[in-house]
Amino acid sequence: MRAKNREMMLLIIAILVVFVIGLSVVYASLSQNLTVKFGNVIQESAKWGVKFQGTSVTGSKTGSATCGTATISNSTTVTVAKTTLTKPGDKCSYALTLENSGTIAAKISEVTPTRPSGITCATASGPTLVCGLATYKLRYDSATSSTQPAVGNTLNGGATKTLYLTIEFSGSTTSSSDVTHSGFGFTIKYEQY
Amino acid sequence: MKTEAKEKEVKTIAIIAIVVAVVGISIAYAAMTTTLKITGRANMNSANWNIEFQSLTAEKTGDAVYTAPTLAATSLSNYSVTLTKPGDSVTFKFKLANTGNIDAKLKTITKGKPVCIGTGESADDDENLVCQNIIFDFKYQDGKPIVENDSLNQQTTKDVILTIEYNNNTNNLPKGHVTVNGLDVVMLYEQA
């Protein structure tokens, strides 16, 4: 009896050992090294560049308007030479191209109008000025579009957008004397998106 | 002691590295704004509307005789022309001028038809003959016709020519004196 029990025990141990060895062998064969080898990783320097494209823009006239040339300096300042409007409907429009030549998306943080010196303006808000007999506007896509530049508008890296500056004789009567509007304008501030 | 000193050195290097990184990041962030500016000057001119005739000259061919018209700003009047034989002609050259600051266009142009009044026994035949052979021509000096919707922009002029001629290709002349009336031109300009 004792001998038999002992034999049984030895057999169980052997089986167990074989089993464990088997498990170990199977486990060992179920592992595999996976290797990911890095090549070159290039970290580009971030580029920031929001600007106006080109060096000058010719105005498009309506009616009896005479349109001065819009000159672009330092890619960030547009100066419109003297324009002359005489009667209701006279208009000068300038198609300016905004460009984000950098790699960082930008967004508008401010759109501020500047009143012409000494002229009362009924409206001076964002991209619209109504001063005396004239209306000054900034609009996207076309001179007659209702889509205006506003805080939060984005300009992604590499993208361009057309911005129309329009100067229009919007009064319903003609002027009895010559009136000069100096220094009207708009400021658009872009920051990182 | 040595280990402590080394630890201190490492800590110092780490702090410096972090400071440099923070400063570097701050500098990069501060630079990422751009202000675009648009500025200009506009004149609202007082409206000035003025279309007029200017600079009249006259010339003739053959035995033609003429009295030049009286030139007023908006009319050329009281001219007279006498033609004697085929090919006789009188030409009046003048300018249409827009001296205002509003563009104009020709709304209507009305050219009169000759009305011939003969005398004597063959008055009727003479009237028909002359009215068939009198040439009354009004056009731009470059030869183009003057038509409705032609523009006359602010501060510009256009040269025109008015010619009265007896047909050079006929041998027939009236037997008596024939007066020709109705050689008027009326042009109405309006704002373009």
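For the structure, check the block above.
An account of the accompanying structure is given in this report. Here the structure is a predicted model, which means the values were calculated and not measured.

## Some points on the overall build of chain B
Phase 1 of the analysis: If you tally the helices and strands in chain B, you get two helices and 14 strands.
Phase 2 of the analysis: When the 192 residues of chain B are sorted by exposure, 31% land in the buried category.
Phase 3 of the analysis: When contacts within chain B are restricted to residue pairs at least 6 apart in sequence, those whose partners lie at least 24 apart make up 76%.
Phase 4 of the analysis: Approximately 11,600 Å² of chain B is accessible, and the part contributed by carbon and sulfur atoms is 53%.

## Side note on the nonpolar core
Phase 1 of the analysis: Membership of the largest hydrophobic core comes to 40 residues, with the highest contact counts inside it found for Tyr136(A) and Tyr190(A).
Phase 2 of the analysis: Among residues more than four places away in sequence, those in contact with Tyr190(A) are Trp48(A), Val50(A), Leu98(A), Ala106(A), Lys107(A), Ile108(A), Ser109(A), Leu155(A), Met32(B), Thr33(B), Thr34(B) and Leu36(B).
Phase 3 of the analysis: Core analysis: the second largest hydrophobic core is formed by 21 residues, Phe92(B), Leu152(B), Val160(B) and Tyr189(B) among them.

## Focus: the side chain of Thr34(B)
Phase 1 of the analysis: Relative to the helices and strands, Thr34(B) resides in strand S1 (residues 33-44).
Phase 2 of the analysis: Given a relative accessible area of 11%, Thr34(B) falls into the buried group.
Phase 3 of the analysis: Side-chain polar atoms of Thr34(B) contact the side chain of Trp48(A), separated by 2.9 Å.
Phase 4 of the analysis: Residues within four places of Thr34(B) in sequence aside, it is in contact with Trp48(A), Val50(A), Thr76(A), Ile188(A), Lys189(A) and Tyr190(A).

## Here's the deal with the pattern of salt bridges
Phase 1 of the analysis: Scanning all chains against the criterion turns up 10 salt bridges over all chains.
Phase 2 of the analysis: For Glu191(A), the salt bridge identified is with Lys107(A), shortest N-O distance 3.9 Å. Taken together, the residues span a long stretch of sequence, with Glu191(A) in strand S13 (residues 179-192) and Lys107(A) in strand S7 (residues 106-114) at a distance of 84 residues.
Phase 3 of the analysis: The exposure class assigned to Glu191(A) is partly exposed, which follows from its relative accessible area of 28%.
Phase 4 of the analysis: The salt bridge partner of Glu190(B) is Lys107(B), with a shortest N-O separation of 3.9 Å. With Glu190(B) in strand S14 (residues 185-191) and Lys107(B) in strand S8 (residues 104-111), the pair connects residues that are 83 residues apart, well separated along the chain.

## Quick word on the interface of chain A and chain B
Phase 1 of the analysis: In this complex, chain A contributes 51 residues to the contact, which on the side of chain B involves 24 residues.
Phase 2 of the analysis: Approximately 3,200 Å² of surface area, both sides summed, lies buried where chain A meets chain B, with 54% of it carried by carbon and sulfur atoms.
Phase 3 of the analysis: Per-residue buried area on chain A facing chain B is highest for Lys82(A), Thr86(A) and Lys87(A); these three make up 14% of the total on that side.
Phase 4 of the analysis: Between chain A and chain B we count one salt bridge in total.
Phase 5 of the analysis: The salt bridge partner of Asp103(B) is Lys61(A), with a shortest N-O separation of 3.4 Å.
Phase 6 of the analysis: Linking chain A with chain B are 24 residue pairs in polar contact (both at pLDDT 80 or more), by the criterion used here.
Phase 7 of the analysis: Of all the secondary structure elements, the ones that give two or more residues to the side of chain A that touches chain B are strand S1 (50-52), strand S5 (77-85), strand S6 (91-100), strand S10 (134-140), strand S12 (160-169) and S13 of chain A.
Phase 8 of the analysis: Ranked by the residues each element gives to the side of chain A that touches chain B, the list is headed by S13(A), at 14 residues.
Phase 9 of the analysis: Partitioning the side of chain A that touches chain B into residue classes produces 23 nonpolar, 21 polar and seven charged.
Phase 10 of the analysis: Across seven bridges, S5(A) lies against S1(B) in parallel orientation. Each residue of the ladder has a partner; that of Thr84(A), found in S1(B), is Asn43(B).

Conventions we followed
- Residues numbered from 1 in each chain as written.
- Chains lettered and ligands numbered in written order.
- Predicted model: local features only at pLDDT ≥ 70, side-chain atom pairs only at ≥ 80, totals over all residues.
- Heavy atoms only, no water.
- Helix = DSSP H or I, 4+ residues; strand = E, 2+ residues; numbered from the N terminus.
- Buried < 20%, exposed > 50% of the residue type's maximum accessible area, 1.4 Å probe, protein only.
- Contact = heavy atoms within 4.5 Å.
- Areas by Shrake-Rupley, 256 points an atom, 1.4 Å probe, with all protein chains shown as cover.
- Core = buried A, V, L, I, M, F, W, Y, C linked by side-chain atoms within 4.5 Å.
- Polar contact = N/O pair within 3.5 Å; in protein donor to acceptor, adjacent residues only side chain to side chain.
- Salt bridge = Lys/Arg side-chain N within 4 Å of Asp/Glu carboxyl O.
- Buried area = accessible area lost by both parts, 1.4 Å probe.
- Nonpolar A, V, L, I, M, F, W, Y, C, P; charged D, E, K, R; others polar.
- Pairing = 2+ DSSP bridges.

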